[in-house]
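Structural overview for review
One-letter residues, chain by chain:
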Amino acid sequence: DGGITQSPKYLFRKEGQNVTLSCEQNLNHDAMYWYRQDPGQGLRLIYYSQIVNDFQKGDIAEGYSVSREKKESFPLTVTSAQKNPTAFYLCASSVGRDGQFFGPGTRLTVL
Amino acid sequence: QKEVEQDPGPLSVPEGAIVSLNCTYSNSAFQYFMWYRQYSRKGPELLMYTYSSGNKEDGRFTAQVDKSSKYISLFIRDSQPSDSATYLCAMTPSGTYKYIFGTGTRLKVLA
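To start, this report covers the structure provided alongside it. Treat the numbers as computed from the prediction; the structure is a model and nothing was measured.

**Things to note about the pattern of salt bridges**
Residue and element names in this part refer to chain A. By the definition in use, this model includes 7 salt bridges over all chains. Of the charged contacts, one joins Arg36 and Asp38 as a salt bridge, the two residues approaching to 2.8 Å between their closest N and O atoms. Owing to a relative accessible area of 4%, Arg36 belongs among the buried residues under this scheme. One salt-bridge network, in which partners are shared between bridges, spans Arg36, Asp38 and Arg44.

**Observations regarding the environment of Phe74 of chain A**
Residues and elements named next belong to chain A. Looking at the element boundaries, Phe74 is found in the loop between strand S7 (64-66) and strand S8 (76-78). Look at Phe74 and you get buried, because its relative accessible area is 0%. The sequence separation of Phe74 and Met32 amounts to 42 residues, and the corresponding C-alpha distance is 6.9 Å. Other than its neighbours up to four places away in sequence, Phe74 contacts Cys23, Met32, Tyr33, Trp34, Tyr47, Tyr48, Ser49, Phe55, Val66, Ser67 and Arg68.

**Description of the sheet that holds strand S3 (residues 19-25) of chain A**
All names here are of chain A. Taken in spatial order, the 4 strands make up an open sheet running S1-S3-S8-S7, and their pairing is antiparallel. Each of the sheet's edge strands pairs with one partner strand only, and the pair in question is strand S1 (4-7) and S7. On average, each strand axis in the sheet is inclined to that of its neighbour by 20°, with strand direction left out of account. In this sheet, S8 lies alongside S7 in antiparallel orientation, the contact comprising 3 bridges. Bridge assignment links Ser65 to a residue of S8, and that residue is Thr77.

**A look at the nonpolar core**
Counting 25 residues, the largest nonpolar core has Val4, Trp35, Ile72, Leu74, Tyr87 and Met91 of chain B as its most contacted members. Looking at this core, the elements that each hand over two or more residues are strand S3 (19-25), strand S4 (30-38), strand S5 (45-51), strand S7 (61-66), strand S8 (71-76), strand S9 (85-93) and strand S11 (105-110) of chain B. For Leu74 of chain B, the contacting residues outside a window of four places in its chain are Val19, Ser20, Leu21, Trp35, Leu47, Met48, Phe61, Thr62, Ala63 and Tyr87 of chain B. Val19, Met32, Ala61 and Leu108 of chain A belong to the second largest nonpolar core, which has 19 residues in total.

**Regarding the interface of chain A and chain B**
Accessible area lost when the parts come together is the quantity often used to give the size of an interface. In this complex, chain A contributes 25 residues to the contact, which on the side of chain B involves 22 residues. Summing both sides of the interface, chain A and chain B together bury roughly 1900 Å²; the carbon and sulfur share of this comes to 55%. Looking only at chain A, the three residues that lose the most surface to chain B are Leu43, Arg97 and Gln100 of chain A, adding up to 31% of its buried area. Here chain A is connected to chain B by 1 salt bridge. Here Lys98 of chain B makes a salt bridge to Asp59 of chain A, at a shortest N to O gap of 3.2 Å. The interface formed by chain A and chain B holds 3 residue pairs in polar contact (both at pLDDT 80 or more) in total.

Definitions and limits used
- Residues numbered from 1 in each chain as written.
- Chains lettered and ligands numbered in written order.
- Predicted model: local features only at pLDDT ≥ 70, side-chain atom pairs only at ≥ 80, totals over all residues.
- Heavy atoms only, no water.
- Salt bridge = Lys/Arg side-chain N within 4 Å of Asp/Glu carboxyl O.
- Buried < 20%, exposed > 50% of the residue type's maximum accessible area, 1.4 Å probe, protein only.
- Helix = DSSP H or I, 4+ residues; strand = E, 2+ residues; numbered from the N terminus.
- Contact = heavy atoms within 4.5 Å.
- Pairing = 2+ DSSP bridges.
- Axes fitted to C-alpha atoms, helices over the stretch in contact; angles between N-to-C directions.
- Core = buried A, V, L, I, M, F, W, Y, C linked by side-chain atoms within 4.5 Å.
- Buried area = accessible area lost by both parts, 1.4 Å probe.
- Polar contact = N/O pair within 3.5 Å; in protein donor to acceptor, adjacent residues only side chain to side chain.

Here it is in structure tokens:
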């Protein structure tokens, strides 16, 4: 089955910790994205990558970091510099501009 | 002013009704338009994709784009309780892989 997987489904972070969210796709898509979703605010772009070893900041990149060492993988690290990280995080991939395919999401909660 | 505006709802309709969901946008460079359906606590699912102006039909769903008015619509015929979800519009201009999302409209179809 082709698709996008995200793990873990739920993640809890203590104050001052860095945590990494996993995103893997087997759709052979070049572009991958990370979004944050908060109630009533829609999807906000954190980072995106069009090709391996290259990525660009989105609208809310502060406090986050990414890497793109493999075409299939685009992990997101939420650093301690992100002051309000509690949210639903969505990873997506696309080929061309025919729309994006999303993973099931990771719900991050700060304790 | 946001680049993409979408009424958050909730929109409640009886089963079998025709539903009209809409987005307006301000950037005339947008060329590719998409509609997504998102069930609670799940990732968005791509429903419809259109390029430039015109209509596109897929089963009970019809997407319309009016670039002169900067207005896009999604029509759902014979609505079902299983259509109850949040519907997100998204769009992107040529020359970029960055997608801009509306905040989503919550739809409730009452049995």
